[in-house]
Amino acid sequence: MPDPPRFFKQVNRHFDRASALIDAPEGLLKQIKACNAVYHVSFPLRRDDGTIEVVHGWRAHHSQHRLPVKGGFRLTIHASEDEVTALAALMTYKCALMDVPFGGAKGGIRIEKENYSDAELERIIRRYTFELVQRNCIGPAVDVPGPDMGVSTREIAWMSDTYQQLVPGEQAGLGAVTGKPLGSGGVRGRVEATGRGVYFGIREALDVGEDMAPLGLSPGLDGKSVVIQGLGNVGYHAGRLLAEDGARVVGILEREGGLFDPGGLDVEEVHGHLLDGGTILELDAPTKVDRAARSDGLEWPCDILIPAALENVIGKDNAPRIQAKIVAEAANGPTTADAARILEERGVFQIPDLYLNAGGVTVSYFEWIKNLTHVRFGRLERRFQAASSHRMLRAIEGITERDFDPGTIQRLAVGASEEDLVNSGLEETMIAAYHEIRELARSKDTDVRSAAFAIAIRKVAHTYELRGIFP
Ligand code: NAD
């Protein structure tokens with residue numbers, strides 16, 4: 001097997017292509033592209049059987065043009081300096097693109113999660129957090145980690161608790177980590193935010209009939225066939241919402257293999273089965289691939305292919321065989337620069353990661369604001385909004401001399417809850433960003449990815465220009 005392409009190099013190739021669209025000094029572009037710092041920590045873990053093992057972890061600060069820096073951390077055997085650096089760079093561009101006022105960071109711990117007990121995992125996360133505190137790599141004003149692959153609200157709760165034990169009494173301490181469970185300072189809607197953002201982004205792209213016509217697709221999601229790689233947090237929620245809005249999930253690929261059914265798969269059933277500890281191959285479907293052939297599923301016929309697991313899964317070897325008309329990058333970095341070119345030449349419409357999976361960091365930003373302000377979204381205005389709507393309905397009744405039935409009043413006289421506001425803020429952010437990107441792509445006659453990178457680079461450059469460069 002050829003060496004996998006180095007991930008940071010791939011991100012920088014996308015950057016270089018886009019930076020040609022921007023009028024900025026070359027030295028400044030080089031500074032924006034460079035990773036400011038990468039911390040490598042190694043620490044001992046006492047395993048349940050008494051043996052001691054060395055665990056390696058990283059935290060990359062790609063750009064501190066804005067503080068705090070922000071980015072999730074992952075638990076994966078593939079964690080490396082290259083991986084966290086590339087992912088931190090993507091965070092810089094993603095936050096800039098979406099007007100989320102953070103710099104870019106990312107972390108990783110190199111473990112195969114399945115090989116550790118819950119107690120061992122807790123010791124690992126708590127020790128990693130201690131290492132981050134020692135290096136000023138966590139805190140609401142400096143660096144705010146969040147979830148990524150292999151990290152759920154449980155791991156985030158351990159991290160947040162450890163931080164608060166080590167830095168007691170900090171007023172905004174809850175804002176040191178995002179993706180927390182609700183009872184520990186989390187925000188409603190964060191768990192599904194990335195998948196929901198993926199859904200909004202795909203829906204927005206498909207709604208533009210002018211862009212869909214060359215692909216031979218009618219506008220809208222209805223009846224569109226979808227293949228998803230990775231039914232984890234992002235893949236599951238994206239698939240669920242797409243299916244609820246009329247799309248047909250025909251293929252699902254997981255670690256153990258994949259299923260393909262042109263008639264449609266039940267996303268909830270497959271997800272429930274995986275949650276119960278089953279493997280995907282225990283389920284029925286007309287076509288199945290095993291673990292050895294699981295990446296062949298990326299080449300299944302469909303309208304929309306959603307890689308939602310790993311980076312570099314579409315390379316120059318398989319790009320010529322991808323049959324999807326749209327590749328919607330829910331994962332970070334699933335398409336190499338060479339593959340992106342090949343897909344583009346073949347007329348495949350690509351919705352890039354730095355836009356499409358930005359829902360997670362957007363809602364993390366809302367969570368951080370909630371933690372800094374110590375007030376739940378909607379707490380002040382919800383009842384007032386409901387009462388105003390109620391008065392309005394009564395006034396309409398007075399004018400029309402017709403009474404609404406109690407069900408209608410109950411449905412319309414409501415105020416926005418925290419979840420309503422979070423989802424609406426996410427939807428607004430995804431829609432606004434898509435049209436900003438599309439406008440630039442059209443005006444510069446370029447692809448969506450280059451336009452997204454160009455907007456992000458321009459915004460980071462602008463921040464540098466406003467702040468000046470420290471001598
Ligand atoms: P996750 O761990 O919840 O899910 C990943 C899924 O992929 C798992 O179900 C896993 O079994 C599956 N998988 C692993 N290797 C596979 C393979 N070779 N083939 C098929 N399936 C495989 O992780 P996640 O949080 O859903 O993240 C997925 C991707 O989305 C990552 O690239 C991550 O960086 C990106 N992302 C996540 C978030 C977030 O908020 N969680 C935000 C932005 C981007």
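Small disclaimer: the values here were computed from a predicted structure and weren't measured. (Residues numbered from 1 in each chain as written. Predicted model: local features only at pLDDT ≥ 70, side-chain atom pairs only at ≥ 80, totals over all residues. Heavy atoms only, no water.)

Draft legend 1. How the structure looks around the packing of aromatic side chains. By the definition in use, this model includes 10 aromatic pairs. Between Phe260 and Trp300, the aromatic rings sit 5.0 Å apart at their centres with planes inclined by 35°, giving tilted as the arrangement. Placement of Phe260 in strand 8 (residues 257-260) and of Trp300 in the loop between strand 9 (287-290) and strand 10 (304-307) is noted, with a sequence separation of 40 residues between them. You can call Phe260 buried: its relative accessible area is 9%. For the ring pair Tyr355 and Tyr434, a centre distance of 5.7 Å and an interplane angle of 50° mean the geometry is tilted. (Phe/Tyr/Trp six-rings, centres within 6.5 Å; stacked < 30°, edge-to-face > 60°. Helix = DSSP H or I, 4+ residues; strand = E, 2+ residues; numbered from the N terminus. Buried < 20%, exposed > 50% of the residue type's maximum accessible area, 1.4 Å probe, protein only.)

Draft legend 2. View of the domain arrangement of the protein chain. When its domains are assigned, the protein chain resolves into domain 1 (1-34 + 433-471), domain 2 (37-187) and domain 3 (193-356). Here domain 2 and domain 3 have C-alpha centroids that lie 28 Å from each other. At the junction of the two partners, domain 2 supplies 13 residues and domain 3 supplies 9 residues. A buried area of about 830 Å², summed over both sides, lies between domain 2 and domain 3, and 55% of it is on carbon and sulfur atoms. Of all residues in domain 2, the largest losses of buried area upon contact with domain 3 belong to Leu90, Lys94 and Met149, amounting jointly to 42% of the total for that side. On inspection of domain 2 and its partner domain 3, the count reaches 1 salt bridge. Between Arg74 and Glu311 there is a salt bridge; the shortest N-O distance is 3.1 Å. For the interface between domain 2 and domain 3, the tally reads 2 residue pairs in polar contact (both at pLDDT 80 or more). A class-by-class count of the residues in the side of domain 2 that touches domain 3 yields 6 nonpolar, no polar and 7 charged. (Domains from an automatic or database assignment. Contact = heavy atoms within 4.5 Å. Buried area = accessible area lost by both parts, 1.4 Å probe. Salt bridge = Lys/Arg side-chain N within 4 Å of Asp/Glu carboxyl O. Polar contact = N/O pair within 3.5 Å; in protein donor to acceptor, adjacent residues only side chain to side chain. Nonpolar A, V, L, I, M, F, W, Y, C, P; charged D, E, K, R; others polar.)

Draft legend 3. Broad picture of the sheet that holds strand 7 (residues 248-254). Strand order in the open sheet made by the 7 strands is 9-8-7-6-10-11-12, with mixed pairing throughout. Two strands lie at the open edges of the sheet, namely strand 9 and strand 12 (349-351), each paired on one side alone. Between one strand axis and the next, the sheet turns through 15° on average, direction left out of account. Judged from the 4 bridges that link them, strand 7 and strand 8 form a sheet pairing that is antiparallel. Looking across to strand 8, one finds that Glu254 is bridged to Gly257. (Pairing = 2+ DSSP bridges. Axes fitted to C-alpha atoms, helices over the stretch in contact; angles between N-to-C directions.)

Draft legend 4. Seen up close, helix 1 (residues 7-19). For helix 1, built from 13 residues, the straight-helix expectation of 18 Å at 1.5 Å per residue is met to within 8% by its first-to-last C-alpha distance of 18 Å. Listed as buried for helix 1 are Phe7, Phe8, Gln10, Val11, Asn12, His14, Phe15, Ala18 and Ser19. (Expected span 1.5 Å × (residues − 1).)

Draft legend 5. The arrangement of the site of the ligand in detail. Near the ligand, the surroundings consist of 23 residues, among which Arg74, Thr194, Val234, Glu254 and Asn332 are the closest. Arg74 is positioned such that a nitrogen or oxygen atom in its side chain is 2.8 Å from an oxygen atom of the ligand. Expressed as a share of its isolated accessible area of 820 Å², the protein-covered part of the ligand is 88%. Contributions of two or more residues to the shell around the ligand are made by helix 8 (233-244) and strand 7. Each of two domains, domain 2 (37-187) and domain 3 (193-356), supplies a minimum of three residues to the shell around the ligand. (Near = heavy atom within 4 Å. Areas by Shrake-Rupley, 256 points an atom, 1.4 Å probe, with all protein chains shown as cover.)

Draft legend 6. Looking closely at the pattern of salt bridges. Under the criterion given, the structure shown has 37 salt bridges. One salt bridge connects Arg123 with Asp48, and the closest N-O pair in it is separated by 2.9 Å. In this pair, Arg123 is assigned in helix 4 (residues 118-134) and Asp48 in the loop between strand 1 (37-46) and strand 2 (52-63), connecting sequence segments 75 residues apart. Among the ionic contacts, a cluster of salt bridges with common partners joins Arg74, Glu83, Lys106, Asp148 and Glu311.

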